[in-house]
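Observations on the model geometry
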Amino acid sequence: MEMVCIVCPNGCRLKVDNSAEGVKVAGAKCKRGEAFAQTELTNPMRSVTSSVKTTVKNYPVVSVRTDGEIPKSKIFDLIKELSEFTLDKKVPIGTILIKNVLNTGINVITTTEMI
Amino acid sequence: MKHYDVIIIGGGPAGLAAAIRASKNASVLLIEREARLGGILKQCIHDGFGVVRFGEKLSGPEYADRFIKEIDKTNVEISLLSFVTDVTRTDKYELTYVCENGVRRVTCDKLILATGCRERTKNGIFIQGDRCSGVYTAGAAQNLVNMMGVMPGKRVVILGSGDIGLIMARRLTFEGAEVLGVYEAKPTPSGLTRNIHQCLRDFDIPLYLSKTVTRVFGANRLEKVEISDVDDKMRPIPGTEQIIECDTLVLAVGLIPENELANDLSVKLDYKTKGAIVDQNCQTLSDGIYACGNALHVNDLVDYVSESGETAGGNASLPNKERKLVPVEVKGKIMYIVPQMLDLNSPLDKVITYFRASEDLTGQKLTVKVGGQTVFNKSYLKLLPPEMERVVIDYSKADLSSGRIVISLEDK
């Protein structure tokens, strides 16, 4: 089967051969493409970027992301969690807002320096 | 009037990189019209920035922050909430700008245009119909959602499959809107393939090719849009009209380099890139004026925006030198190349050249010839117009003063 690697903007077009002997990947410019194809077939993972509301002046919302990938199936659970979160003070960029979100071992961090 | 060696207009990724680099050798003023540095990156909260440069997948604000922290360590003077209203050429450049302290006049030896690009609007693509609210450019919708925390609407049609349109499809879905579909007049998507996958396919958002919005309806607020099939010249086909009820139309129909100041200064533009014609130092055909980033040509990776900013900033901070310019010609299915000129009095061993194919191509060979002699070639399995290519060409061993320089793309 054909697959497009989403790890980086190169967007390598992968040829993936999934047989009893395992997964064979061709067409990836780097190793991350092979790893991507492996997990995409078994348990697709995504990093998620979004925003949370704040009560801080000049920042109605502040941008956030997961500091790693979470299962694709949990994206909307994460989005719901974010919609229930309010940030009430200025925090430096990279601050963890939600630790171990949805028991994924991944944190939600801010991605804007609030000046 | 205060004098600077270099003045940079625009505090986005290109201007930041240019300022940091120029400040190593020169006095620098950076003029930014918004309250914060970072340009469009501030609202591009999705990730994928900096893969080339930092080997990390950063969000836009994080990428910008790396440069803002860097610029804070330099002696670059930064003027925020400042808008340039006039640039006049004397023996140097005289700028007038409006800022919080009123009107200020300054002069400089070198001027760097890092003004970014603009979105095409509804008028730019000739959509007929009512003048109702609910029609946004993708960047405006992105600003509302990501900066203001305001939703532009609930039922959304997106016209154009450029990257911002695709990213907004996912973003609006996250925030609870129903994205009814992305419509693209061309037979192929405009955005990066990975964005088609991670922004549309992941969320079952349909992508319709060879279709466009031909009319909008709504008394006050948008109520519905008319979609038509288009032929191979992108003309709507009568009889194929279809009505879709929606309250929001997001236009992601392309970006055009911002060149108002360049035009005022009669800087020669390339009709293909719609940005200035430059040499390998990002200097335009007007001595002392540089262009970089999306003002030069619309990039798809910010990493290369920063790179061209550094090229411009580095060169602008050096003393004036007489230039000897020769054109780089293009042959075959190349949409454009940057730089379009070479200065033979500047280093020629590492000429960073960007190009785009003019159509979807497979099995291509890029060849650079000087007077018939091949100085560089590279093979490509696949080339797509939305995906810009970058090559570094060494011209130093070629005799550039006699032969024509031709970059061509041919079937392998």
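Turning to the sheet that holds strand β27 (residues 389–393) of chain B, a few remarks are in order. Strands pair in a sheet through their backbones, by hydrogen bonds, and they do so in one of two ways: parallel or antiparallel. All names here are of chain B. Strand order in the open sheet made by the three strands is β22-β24-β27, with antiparallel pairing throughout. In this open sheet, the two strands that pair with only one neighbour each are β22 (334–338) and β27. For this sheet, the mean angle separating the axes of adjacent strands, direction not counted, is 25°. Two elements, β22 and strand β24 (residues 351–357), share four bridges in a ladder whose sense is antiparallel. Paired with I334 across the strands is A357, a residue of β24. Sheet strands touched by helix α8 (residues 302–316): β24 and β27. Its angle to β24, the strand with the most contacts, is close to 140°.

Taken residue by residue, the interface counts 33 residues in chain A and 33 residues in chain B. A combined buried area of about 2,700 Å² lies between chain A and chain B, and 55% of that area is made up of carbon and sulfur atoms. Three residues, P9, R13 and T49 of chain A, lead the burial of chain A against chain B; their summed loss comes to 23% of the area buried on that side. Linking chain A to chain B there are five salt bridges. The residue D202 of chain B makes a salt bridge to R46 of chain A at a minimum N-O spacing of 2.4 Å. In this assembly, chain A and chain B are joined by 13 residue pairs in polar contact (both at pLDDT 80 or more). Within the residue set of the side of chain A that touches chain B, elements represented by two or more residues are β5 (49–56), β6 (59–66) and α2 (75–83) of chain A. Per element, the largest residue contribution to the side of chain A that touches chain B is five residues, and it comes from β6 of chain A.

All names here are of chain B. The element helix α1 (residues 13–22) is extensively covered by neighbouring structure, given that nine of its 10 residues are classed as buried. Of all the positions in α1, only P13, A14, G15, L16, A17, A18, A19, I20 and A22 are classed as buried. Looking at the buried residues of α1, the elements they touch are β1 (2–9), β2 (28–31), α3 (60–71), β8 (102–113) and α8.

Attention now moves to the side chain of E40 of chain A. Residue and element names in this part refer to chain A. Tracing the chain through its elements places E40 in helix α1 (residues 31–42). In terms of polar contacts, E40 uses its side chain to reach the side chain of R46, at 3.0 Å. Excluding anything up to four places from it in sequence, E40 contacts M3 and R46.

Attention shifts here to the nonpolar core. Within soluble globular proteins, side chains that are nonpolar generally end up buried alongside one another. In terms of nonpolar packing, the biggest core is built from 62 residues, with I7, I8, L95, L111 and I112 of chain B touching the most fellow members. Ranked by the residues each element gives to this core, the list is headed by α1 of chain B, at seven residues. Apart from residues lying up to four places away in sequence, I112 of chain B is in contact with V6, I7, I8, I9, A18, Y290, C292, A312, G313 and A316 of chain B. In this structure, V64, I70 and V108 of chain A together with L166 of chain B belong to the second largest nonpolar core, which totals 41 residues.

Procedures and definitions
Residues numbered from 1 in each chain as written. Chains lettered and ligands numbered in written order. Predicted model: local features only at pLDDT ≥ 70, side-chain atom pairs only at ≥ 80, totals over all residues. Heavy atoms only, no water. Pairing = 2+ DSSP bridges. Helix = DSSP H or I, 4+ residues; strand = E, 2+ residues; numbered from the N terminus. Axes fitted to C-alpha atoms, helices over the stretch in contact; angles between N-to-C directions. Contact = heavy atoms within 4.5 Å. Buried area = accessible area lost by both parts, 1.4 Å probe. Salt bridge = Lys/Arg side-chain N within 4 Å of Asp/Glu carboxyl O. Polar contact = N/O pair within 3.5 Å; in protein donor to acceptor, adjacent residues only side chain to side chain. Buried < 20%, exposed > 50% of the residue type's maximum accessible area, 1.4 Å probe, protein only. Core = buried A, V, L, I, M, F, W, Y, C linked by side-chain atoms within 4.5 Å.

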